[in-house]
Amino acid sequence: MGDASGDGFGAAFHLDGELLFRYGQWSSAISEASSNYRELRNLVKAMEAHVRSGKLRDCEVFLLTDNLVAENAFYKGSSSSKKLFNLILGLRKLELEGDIILHMAHV
């Protein structure tokens, strides 16, 4: 699950009894971007970190977000926003790179 609001962000994954987490503050350029962008970027960056470390390889991942736009863009596979489109593309690439089955749910 992940959330990004205002200047901060965080995401956590529960895997084999271990909690993998990432949190921090956005740079001023990103904190000024839309909340839809920040929410989705947070999830993508968290996935990137854990896929590249090898911890999320060959997994089924359920991304939980409170952002309906992120979920809709993920399942649609596109967005009219170039920034959101690139993030969706990044998630799809991570699916392939990590041999992941990815689901996103608005909660």
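Look a little higher up for the structure.
What counts, and at which threshold
Within each chain, residue numbers correspond to sequence positions counted from 1 in written order. Thresholds applied to this predicted model are a pLDDT of at least 70 for local features of residues and 80 or more for the giving and counting of side-chain atom pairs; totals over whole chains, interfaces and linings are not thresholded and use all residues. Where side-chain values are given, they derive from all heavy atoms of the structure, hydrogens and water being excluded. Burial classes follow relative accessibility: with a 1.4 Å probe on protein chains only, a residue under 20% of its type's maximum area counts as buried, one over 50% as exposed, and anything between as partly exposed. Counting from the N terminus, the helices are DSSP H or I runs at least four residues long and the strands are E runs at least two residues long. By construction, the arc corresponds to the directions joining the helix axis to the C-beta atoms. In what follows, residue pairs with any heavy atoms lying within 4.5 Å of each other are defined as contacts. Counting of polar contacts relies on pairs of N or O atoms within 3.5 Å, with two restrictions inside protein: one atom must be capable of donating a hydrogen and the other of accepting it, and residues adjacent in sequence are counted only when both atoms are side-chain atoms. Here the expected span of a helix is defined as 1.5 Å times the quantity of residues minus one. Here, the term nonpolar core denotes a set of buried Ala, Val, Leu, Ile, Met, Phe, Trp, Tyr and Cys residues that are joined through side-chain atoms within 4.5 Å.

Along helix 3 (residues 68-76), the residues classified as buried are Ala70, Glu71, Ala73 and Phe74. Down the axis of helix 3, the smallest arc covering the buried residues is 165°, so these residues share one side. As for helix 3, its buried residues are in contact with helix 2 (35-52), helix 4 (82-98) and strand 5 (101-106). The distance from a side-chain oxygen at the start of helix 3 to the backbone nitrogen of valine 69 is 3.2 Å, and the residue carrying that oxygen is asparagine 67.

A few words now on helix 2. Taking 1.5 Å of rise per residue, 18 residues should cover 26 Å, and helix 2 covers 26 Å from first to last C-alpha, within 8% of that figure. If you check which residues of helix 2 are buried, you get Tyr37, Arg38, Glu39, Leu40, Asn42, Leu43, Val44, Ala46, Met47, His50 and Val51. Phi turns positive, to about 90°, at glycine 54, one or two residues after helix 2.

Residues Leu40, Met47, Leu63 and Leu91 are the most contacted members of the largest nonpolar core, which totals 31 residues. Excluding residues within four positions of it along the chain, leucine 91 makes contact with Leu40, Val44, Met47, Leu63, Phe74, Leu102 and Met104.

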